[in-house]
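Geometric and topological summary
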Amino acid sequence: MVSGRRCVAGALARSRAESQMAGLFFDELSVGQSFRHEIRRTITEADNVWFSALTHNPAYLHLDEEYCRTQTEFGQRLVNSAFTLGLMVGISVGDTTLGTAVANLGWDEVRFPKPLFHGDTIRVETEVVELRDSRSRPDVGIVTFLHRAYNQHGDLVAQCRRSGLQRKRPAA
């Protein structure tokens with residue numbers, strides 16, 4: 001498992017100009033390669049309310065403390081799952097795709113096995129699960145990542161498969 005910025009071999013292979021990009025090129029990725037991202041994030045009430053308001057999501061589960069305390073099994077507001085998904089993927093970007101991604105192709109198998117609450121801290125791990133060359137664009141490949149987010153207790157709180165179009169290392 002790679003912890004932090006990147007695998008040592010990938011960092012050593014970069015030219016001076018390339019080393020300023022945090023993300024990895026398609027050719028630097030391998031199936032089974034995994035990352036334990038150093039960035040962690042404690043989710044605040046403001047994060048949850050702001051995101052829910054920004055996305056026009058009026059669900060009581062995210063905004064109404066009294067409702068959640070008296071009418072739900074959780075007894076408190078839940079963090080908006082769309083925020084959780086975005087945060088999980090966002091935390092992974094610096095180590096994997098920053099500056100090397102062409103486009104996000106999709107999120108599949110998105111799951112939230114346990115809820116997040118205000119004050120929870122998440123950490124994220126990513127694994128490369130599939131790589132294939134693009135059939136129509138020789139300068140890019142398609143990578144599929146499996147992202148997993150855990151709370152401060154080590155409980156899996158979110159996971160998804162994300163596919164993206166990733167640049168190959170430029171020819172010398």
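Everything below is about the structure shown above.
The text that follows walks through the structure, step by step, so that each part is easy to find. Note that the structure is a prediction, hence the values are computed from the model and not measured. (Residues numbered from 1 in each chain as written. Predicted model: local features only at pLDDT ≥ 70, side-chain atom pairs only at ≥ 80, totals over all residues. Heavy atoms only, no water.)

**Some words on the pattern of salt bridges**
For the structure shown, the criterion picks out 11 salt bridges. Among the salt bridges present, the one from aspartate 47 reaches arginine 41, with a minimum N-O distance of 2.5 Å. Measuring nitrogen to oxygen at the nearest pair gives 3.9 Å for the salt bridge that ties glutamate 109 to arginine 161. Within this pair, whereas glutamate 109 is found in strand β4 (residues 101–111), its partner arginine 161 is found in strand β7 (residues 156–167), the two being separated by 52 residues in sequence. Arginine 161 gets classed as partly exposed once you look at its relative accessible area, which sits at 22%. The structure contains a network of salt bridges with shared partners spanning Glu45, Glu65, Glu66, Arg69 and Arg77. (Salt bridge = Lys/Arg side-chain N within 4 Å of Asp/Glu carboxyl O. Helix = DSSP H or I, 4+ residues; strand = E, 2+ residues; numbered from the N terminus. Buried < 20%, exposed > 50% of the residue type's maximum accessible area, 1.4 Å probe, protein only.)

**Digging into the packing of aromatic side chains**
Two aromatic rings are characterised by how far apart their centres lie and by the angle between their planes. Considering all chains together, one arrives at three aromatic pairs under this definition. Their ring planes at 55° and their centres at 5.1 Å tell us that tyrosine 60 and tyrosine 67 sit as a pair that is tilted. The class for tyrosine 60 is exposed, based on a relative accessible area of 52%. The partly exposed category is assigned to tyrosine 67, whose relative accessible area is 29%. (Phe/Tyr/Trp six-rings, centres within 6.5 Å; stacked < 30°, edge-to-face > 60°.)

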